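Working through the structure, step by step
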Amino acid sequence: MEEKFSMGDIVLSKAGRDSGRYFVVVAVDGIFVYICDGDLHKIDKPKKKKIKHVKPTEGKSEYVAAKLVEESKVTNTELRRAISEFEEQALLMKNE
């Protein structure tokens, strides 16, 4: 079953040395997604990962997605902020 990903989606890495980390999808190309987190993988050099090696989450950064669609410059700080906001929301939902 192929998952459908779009720019701005927040995904969890399932395989590789970065497994267990959250990333933002910055591009989709066939069976690959390009992901960044602003820390380990910066926006200038996104990680190319097979779709089967990432797990979709309920999170999406609308702000980052809008900037990517407009082809505006997304900063590493914005990526880190989007991921940390998602993690905070996930933690709050878990504690409720």
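Description of the structure in this document. Model, not experiment: these values are computed from the prediction.

The next thing to look at is the overall build of the protein. A count of helical and extended segments in the protein gives two helices and five strands. Relative to the compact-globule value of 12 Å for 96 residues, the protein shows a C-alpha radius of gyration of 12 Å, a close match. Here the C-alpha coordinates of the protein stretch approximately 35 × 30 × 25 Å along the principal axes. By the burial criterion, 36% of the 96 residues in the protein qualify as buried.

As enumerated under the stated definition, the model contains six salt bridges in all. Note that arginine 21 and aspartate 37 form a salt bridge whose closest N and O atoms lie 2.7 Å from each other. Highlighted residues: arginine 21 in the loop between strand 1 (9-13) and strand 2 (22-29) and aspartate 37 in the loop between strand 3 (32-36) and strand 4 (47-50), separated in sequence by 16 residues. Accessibility expressed as a relative area gives 4% for aspartate 37, which makes it buried. For lysine 73, the salt bridge is made with aspartate 44, and the minimal N-O distance between the two is 3.3 Å.

Once that is clear, we can look at the packing of aromatic side chains. Evaluated as defined, the whole model comprises one aromatic pair. Aromatic pair tyrosine 22 and phenylalanine 86: ring centres 5.1 Å apart, planes at 75°, arrangement edge-to-face. Here the residue tyrosine 22 occupies a position in strand 2, and phenylalanine 86 occupies one in helix 2 (residues 76-95), the gap between them amounting to 64 residues. Among the residues examined, tyrosine 22 registers a relative accessible area of 23% and is labelled partly exposed. In this structure, lysine 48 packs its charged tip against the face of phenylalanine 32, placed 4.3 Å from the ring centre.

Now for helix 2. Given 3.6 residues to a turn, an α-helix orients residues that are three or four positions apart in the same direction. Compared with the 28 Å implied by 1.5 Å per residue over 20 residues, the 29 Å span of helix 2 between its first and last C-alpha is a close match. Among the residues of helix 2, Asn76, Glu78, Leu79, Ala82, Ile83 and Phe86 are the ones counted as buried. Packing partners of the buried residues in helix 2 comprise strand 1, strand 2, strand 3, strand 5 (54-60) and helix 1 (62-69).

Judged by how many residues are buried, strand 1 sits mostly within the fold: five of five residues are covered. Residue alternation in strand 1 divides its side chains into two sets, Asp9, Val11 and Ser13 and Ile10 and Leu12, and both sets are buried. Pairing geometry for strand 1 and strand 2, over three bridges, is antiparallel. In the sheet register, isoleucine 10 faces strand 2, and the bridge partner there is valine 24.

Definitions and limits used
- Residues numbered from 1 in each chain as written.
- Predicted model: local features only at pLDDT ≥ 70, side-chain atom pairs only at ≥ 80, totals over all residues.
- Heavy atoms only, no water.
- Helix = DSSP H or I, 4+ residues; strand = E, 2+ residues; numbered from the N terminus.
- Rg over C-alpha atoms; globule rule 2.2 N^0.38 Å.
- Buried < 20%, exposed > 50% of the residue type's maximum accessible area, 1.4 Å probe, protein only.
- Salt bridge = Lys/Arg side-chain N within 4 Å of Asp/Glu carboxyl O.
- Phe/Tyr/Trp six-rings, centres within 6.5 Å; stacked < 30°, edge-to-face > 60°.
- Lys NZ or Arg CZ within 6 Å of the ring centre and 35° of its normal.
- Expected span 1.5 Å × (residues − 1).
- Contact = heavy atoms within 4.5 Å.
- Pairing = 2+ DSSP bridges.

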